[in-house]
Structure formats: C-alpha cells, structure tokens
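For reference, the chains in residue letters:
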Amino acid sequence: MEKRLKKERNKLCRRIIIILFAVWVAVSALFCAIRLNMEKTNIQSRELAELSNKMQLLSLGNFDPDFIGQAITHNNDFIDEDNNPDKFDKQFSIMNSRLYYVVADTAKSIVVRYGIKGEDYNPKLIALLNYDKLRESISDTQYKKIARYLNAKRPDGNYYELVCTKFYMENIDVYPLELKVVLVDALDKRFLVDDNIAVFKLKKPQQKLGEVYEDGEVTRNIIPKDFLLHKKYNRDIISTLSPKEQKEIVYFKRTGMFEYIFYATDALNLLETESATKLIKPKNDTWVVQYAVKFNLFDNCKSDLALGLSVFFGFILIITVILCVMIWNTVKQQIIGEQKRLDFTNAIAHDIKTPLFVISGYAYSLKENIDEEERGSYIDKILAQTDSINNLVHRMIEHSKLDSYKMKLNLSEFDLYELIKDSSDSSVTLQDGKKLKITRSGNNVINADKELIKEAALNLIDNAVKYSPADSVIEIKVDNKTLAISNPCENIDKADLKEISKAYVRIDKSRHQKGNGLGLSIVNSILNLHEVKYSIKVKDNVFTFKALFNG
C-alpha cells in the first residue's frame, strides 16, 4: 500500500510540474508578445515625435543649411564621439522634389563636428562628410599611403589618425582640401610632439570654392578610419524598402525574427524663402523628408523580458514546491492513516473475534439442548458478549458523531467535582486492589454539556484504572475548574505520547489490556468542542492528564 501511494504521489507531482511548466510557457509567451508589441508602439510614438521635432526645425529655418544641420543632429542621433559604427541605425534624408536634388542623406555621409582656426572655444561646425566626394578628392596613390598608415601596427601601441586640416563648406557638406596623418599616444589619446607624419593636398572640386577653413590648434577634425577604408558607416536603410513602401506615411517592416524597420515620410511646401543658397532658394518647392530607424525589439526590452520571465518562473516554482509539499504531506497522512486503519482493523477484529467465538460456542451448546440449569447461564454469557460488541459499535458511532460539524452542545451550569464524584461511584469498577483518591478545592462550577463532560471524565478514569498496575492509587484533583488525573504507568515513549489522543491509537500494542484506542480520542473531541485546553505529561512513570475549563 505504501509503495502504491508513493508511486501515485510521484506520478501526481510529475503531472503538476508538467502542467505548471506548460502554464509558465504559455504565460511567458503571452507576456513576451504583449511586451514586444508595447515596445513596437513605444518606438513608433518616440520616432514620430522625433521626426516632428526635426520637421519643426526645418520649417522654422526655411531649409537654411544651419537648420538642416540642427535637424539632422537633433538629440545627436547621427553623431558618435567614439566613432562607433554600430550606433548608426538611423537614416535621415532631405530631398528637393522639384529639382530632384538630395540636400542631405545620412546613409551616404557621416555627421561631423569640425573646429575652425581662431574659434577653438566656440561651438564646432555641424556638417556632413560624404564618402563619395571624399574619395573623389583623394588620388589612388594618396589613398594607399593613407591606408598603410591607418592600418599600421606599432610595437609601442601608438597609432595613426587622419585629420582634416583644411576644408570648405557648401550647404551643410564639408569638402576636405588638405589631410594630415598624425601619431597619437595610445595612453592619453594626445598627439605626440612630432605629429606631422604626412600631409596630403587633395583635388579641388570643380565648382567654385567658398571660404576655406583651417582646423584649430586645440581641435582635431578626425576622419574615422572605418569610414574611409571600409565604409562601415554607410547604412542605407531606406533603399531596402520598395518604392511602394516608401510612399507610405508611416510603415513598419519586419526584416527578421525581432528586427524591424520603422519608416516615416513627410513633406513641406514653401511659398517663400529667405535662404541665400541657390540650390534651396526657389519658391513653390516641395521638400520630402524621409526618416528610417532599424531596431531589434528583443534588444530594446530584453531586460524587461528577463525580469518578467524570472518573476513568472519564480512564482510558478513556488507554487510547484507548495503543491508538491502538500501532496507529500497528504500522502504521508494517507500512509499514517492506512497504518492506523490496519491497526484499528486488527484491534476491532481481535475485540469482536473473542465475543463472537464465545457466542458461537454457547449457541452450539444451546442447540444441543443442554441442561436447563446451564441454559440460563449460557444465555447470560451470550448477552454479555453481545453487549460488549454493541458497546464497541456505540463508541465508534459516538466518535464519528463528535467529529461531525453538526454536533451541538447542550450547555448548563454544574459542579465539576460533584459530577466526577457521582459518576465514578456509580460507573467505575475497581479491581486488583486499585483505588481512587478524589480531592477538591476552590470554585468548580462550569458551563458545559454535562453528559459529554461526564463521558470524557469516565473515559479518562477508565483509562487510568485500566493501564495502572495492581494496588495503584489513581489521584483525581478538581481545583478551581482544573481537572487533573494521575496514575502510575509503564514507561511511555514521547512519540507515542504525541499520538495517544488520536483515534484507534493504542500504546499497548500487545493487547494485554482490552480497548480499541477510542477513549482518549473521544475525550479529545469533547474537550475541543468545549474549547478546553489540556495537556498530557509523563514524569517518573506517572501519567498525568490536566484540563482547564473556562467557566
């Protein structure tokens, strides 16, 4: 039986773990879907707000180059002070739709902040450095020399950088005219004293030059190595969209499991302009602005997802542990209950077997028409054994009734001492030289169910008499509504003492004494109904039961 119950327990625990794991997976999937969708909505709101800010700058400046530069670099979206190519996941494009002239496109250029000689302590110029225009101005021979320097590995750890020393501006584009290779200290990032490694004069553009600027003494107008040699900065997000998709005002495109492109476009119609630049001066022009962001939903909210999944997992784990512990305790109680049932069955079988055997024997004797004088004796013995069985059944029913929630108390006031004295005198049978010693003190009037308290007291006295050795004195003290019954006994284990008041539990497993283990269980049920606290102690082979009545 125990093996079967444990097997059922393990099977049930496995089912619970599987079910709760499936619940965790389902809840986690739902949470991830909701969180990712929220992040997608948040990105759309944030980027639309950013595009609106850029459009306000453009309309405010009437597409003046300074305002175009401010719009592009708003919130430093396209500037990375550490020249990290992985940061540039946005693209901003401005085109004059009438002239089909692209004023600015961050996919083909990088945003730079260049200092000017004589203005070292003023804000740097915001400009676009176009790769194609830069590469056209550098000859192949110059490009190879520059590449050798930039790719060189020095034993001292120092490295070379390419600096733009002279340039001119057109709109917001910077056109380098002179480049210089400098040696940089790897420890503090400063130029070394001998920093004029190589100077390169570049090809001049075909158009007429404007004002030529030189870099300042404390500025460093760097051209990133990766931009010049590998074009890692050129991320053309918009070109990956079809012409139909580019016509959408707002558009989301999925490019991977968690990767998306958010695209938005807007247009401005200008009737008048005060710009002095010819390329962006004509009236009645339409300016198309395109804005694209490439992002990974998982990367954007992975910390929230990890936290949420961990919380859900912890919650499910706690529930699993609690349920498994509850199942284990239930099975444990079932095993204990099964053992008690077996003990009880054996006890009942023993208690019923003897009287049934006696009844059967006398019944057969009566059947043989024995002497009339013995006939009456046999009938009396049969009736006595029948009463014994009937008493056992009555006590089982009584115990079941006491444990029922429908049980109601018939309360009345009475003297506890008088009840015990009268009950013991009339109902307790003493043998083997055993004696009762009953004493009283104080006020012992209580409010309780008299019949039930009488039943409990008789059970306690009966147990004390039954399990006391010959010539023992059973002491009963009634002191200020406290009942204490003490009797000598054999040594009792503490483990047995904890179980003694439970149903069908007997300390004397050898059946030396008659009983079915219901006596103290009935007492326990009666006192619990009256909310009476009691204690059971064994000291120096003296068993003491003490109960304190409330009133």
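Shown above is the structure to which this text applies.
Residues numbered from 1 in each chain as written. Predicted model: local features only at pLDDT ≥ 70, side-chain atom pairs only at ≥ 80, totals over all residues. Heavy atoms only, no water.

Q: Any details on the overall build of the chain? Residues and values, ideally.
A: A tally of regular secondary structure across the chain gives twelve helices and 18 strands. Taken across its 551 residues, the chain has 41% of its residues classed as buried. Expressed as a percentage of contacts within the chain between residues at least 6 apart in sequence, the contacts between residues at least 24 apart total 66%. For the chain, the accessible area works out to roughly 32400 Å², and carbon and sulfur atoms hold 53% of it. (Helix = DSSP H or I, 4+ residues; strand = E, 2+ residues; numbered from the N terminus. Buried < 20%, exposed > 50% of the residue type's maximum accessible area, 1.4 Å probe, protein only. Contact = heavy atoms within 4.5 Å. Areas by Shrake-Rupley, 256 points an atom, 1.4 Å probe, with all protein chains shown as cover.)

Q: Please set out the environment of Ile335 residue by residue, giving values where relevant.
A: Position of Ile335 relative to the elements: it lies in helix α7 (residues 297-367). Expressed as a C-alpha distance, the spacing of Ile335 and Lys6, which sit 329 residues apart in the sequence, is 8.9 Å.

Q: Any details on helix α9 (residues 416-427)? Residues and values, ideally.
A: The end-to-end C-alpha distance of α9 is 16 Å, a good match for the 16 Å that twelve residues give at a rise of 1.5 Å each. Of the positions making up α9, those classed as buried are Leu416, Tyr417, Leu419, Ile420, Ser423 and Ser424. Along the long axis of α9, the arc covered by the buried residues comes to 160 degrees, so they all point the same way. Across from the buried face of α9, at angles greater than 90 degrees, the exposed residues are Asp425 and Ser426. Elements in contact with the buried residues of α9: β12 (411-415), β13 (435-441), β14 (445-449), α10 (450-466), β15 (473-479) and β16 (482-488). The N-terminus of α9 is capped by Asp415, whose side-chain oxygen sits 2.8 Å from the backbone nitrogen of Tyr417. (Expected span 1.5 Å × (residues − 1). Arc of directions from axis to C-beta. Polar contact = N/O pair within 3.5 Å; in protein donor to acceptor, adjacent residues only side chain to side chain.)

Q: I'd like a description of the pairing of β15, backed by residues and values.
A: Here β15 shows one buried face, formed by Ile474, Ile476 and Val478, and one open face, formed by Val473, Glu475, Lys477 and Asp479. With seven bridges joining them, β13 and β15 adopt parallel strand pairing. Residue pairing for β15: Lys437 is matched across the bridge by Glu475. Two strands pair when backbone bridges link them, and β15 and β16 are joined in this way by five bridges, in the antiparallel orientation. Residue Lys477 lies in a different strand from β16, and its bridge partner there is Ala484. (Pairing = 2+ DSSP bridges.)

Q: Describe the nonpolar core, and please don't skip the residues or the numbers.
A: Membership of the largest hydrophobic core comes to 36 residues, with the highest contact counts inside it found for Leu483 and Phe549. Sorting the residues of this core by element identifies α9, β14, α10, β15, β16, α12 (519-529) and β18 (542-548) as the ones contributing at least two each. At nine residues, the largest contribution of residues to this core is made by α10. With 30 residues, the next largest nonpolar core counts Cys32, Met55, Ala264 and Tyr291 among its residues. (Core = buried A, V, L, I, M, F, W, Y, C linked by side-chain atoms within 4.5 Å.)

Q: Now, about the side chain of Asn158: what can you tell me, with residues and values included?
A: Among the secondary structure elements, Asn158 is positioned in the loop between α4 (140-151) and β5 (159-170). Accessibility expressed as a relative area gives 12% for Asn158, which makes it buried. Polar side-chain contacts of Asn158 include one of 3.0 Å to the backbone nitrogen of Ala186.

Q: Could you give an account of the environment of Ile453, with specific residues and numbers?
A: Counting through the fold element by element, Ile453 comes out in helix α10. C-alpha separation for the pair Ile453 and Ile526, spaced 73 residues apart in sequence, amounts to 7.2 Å. With sequence-adjacent residues up to four places away left out, Ile453 is seen in contact with Phe414, Leu416, Leu419, Ala448, Ile526, His530 and Phe549.

Q: Summarise the packing of aromatic side chains; cite the residues concerned and give the values.
A: Under the definition given, this model contains 15 aromatic pairs. Aromatic side chains Phe252 and Tyr260 sit 6.3 Å apart centroid to centroid with 90 degrees between the ring planes, which places their arrangement in the edge-to-face category. Owing to a relative accessible area of 18%, Phe252 belongs among the buried residues under this scheme. Through a chain of ring-to-ring contacts, the aromatic side chains of Phe252, Tyr260, Phe262 and Phe295 assemble into a single cluster. Over the face of the ring belonging to Phe252 we find Lys40, whose NZ or CZ atom lies 4.9 Å from the ring centre. (Phe/Tyr/Trp six-rings, centres within 6.5 Å; stacked < 30°, edge-to-face > 60°. Lys NZ or Arg CZ within 6 Å of the ring centre and 35° of its normal.)

Q: Go over a nonpolar patch on the surface, please, and point to the residues and values.
A: Taken together, the side chains of Phe313, Leu317, Val321 and Val325 present a nonpolar region at the surface, about 340 Å² in accessible area. Tracing the backbone shows Val321 in helix α7. (Patch = residues over 30% accessible without salt bridge, like charges linked within 9 Å, V, L, I, M, F, W, Y side chains within 5 Å. Salt bridge = Lys/Arg side-chain N within 4 Å of Asp/Glu carboxyl O.)

Q: An account of unusual backbone geometry is requested, with residue identities and associated values reported.
A: Note: most residues except glycine have negative phi, and most peptide bonds are trans. In the Ramachandran plot, Asp432 falls in the positive-phi region, its phi being about 55 degrees despite a non-glycine side chain. With relative accessibility at 53%, the residue Asp432 sits in the exposed group. Phi is positive for Glu531, close to 55 degrees, though the residue is something other than glycine. Among the structural elements, Glu531 can be located in the loop between α12 and β17 (533-539). The class of Glu531 is exposed, set by a relative accessible area of 64%.

Q: Go over the pattern of salt bridges with me, naming the residues and quoting the values.
A: Inspection of the entire model under this criterion finds 14 salt bridges. Ionic pairing is found between Lys253 and Glu245, a salt bridge with its closest N-O pair at 3.5 Å. Taking the relative accessible area as the measure of exposure, Glu245 reaches 14% and is therefore buried. Each member of the salt-bridge network shares a partner with another, and the members are Arg35, Glu39 and Asp304.

Q: How would you summarise the side chain of Thr165 if you had to cite specific residues and measurements?
A: Tracing the backbone through its elements, the reader meets Thr165 in strand β5. Looking at Thr165, its side chain comes within polar contact range of the side chain of Glu178, at 2.6 Å. Sequence-distant contacts of Thr165, that is, excluding residues within four places in its chain, are made with Glu178, Leu179, Lys180, Tyr213, Glu214 and Asp215.

Q: For the packing of α9 against α10, give the residues involved together with the corresponding values.
A: To characterise two packed helices, one gives the angle between the axes of the helices and the distance between these axes. Where α9 meets α10, the closest approach of the two axes is 10 Å, and the angle between their N-to-C directions is 55 degrees. It follows that α9 is oblique to α10 by the angle criterion. The crossing of α9 and α10 is right-handed. Listed contacts from α10 to Leu416, Leu419, Ile420, Ser423, Ser424 and Ser427 of α9 are Lys450, Ile453, Lys454, Ala457, Leu458 and Ile461. (Axes fitted to C-alpha atoms, helices over the stretch in contact; angles between N-to-C directions. Parallel < 35°, antiparallel > 145°, perpendicular 65-115°, else oblique. Left-handed = near helix turned anticlockwise from the far one by under 90°.)

Q: Outline the sheet that holds β17, listing residues and values.
A: Spatially, β13-β15-β16-β18-β17 is the arrangement adopted by the five strands of the open sheet, whose pairing is mixed. Bordering the open sheet on either side are β13 and β17, each of which pairs with just one other strand. The sheet shows a mean angle of 15 degrees between the axes of neighbouring strands, taken without regard to direction. The sheet contact formed by β16 and β18 spans seven bridges and is antiparallel. For Asn487, the partnering residue across the bridge sits in β18 and is Phe543. Strands β13, β15 and β16 of the sheet are contacted by α9, whose axis makes an angle of about 165 degrees with β13. Across the sheet, α10 is in contact with β13, β15, β16 and β18; its angle to β16 comes to roughly 15 degrees.

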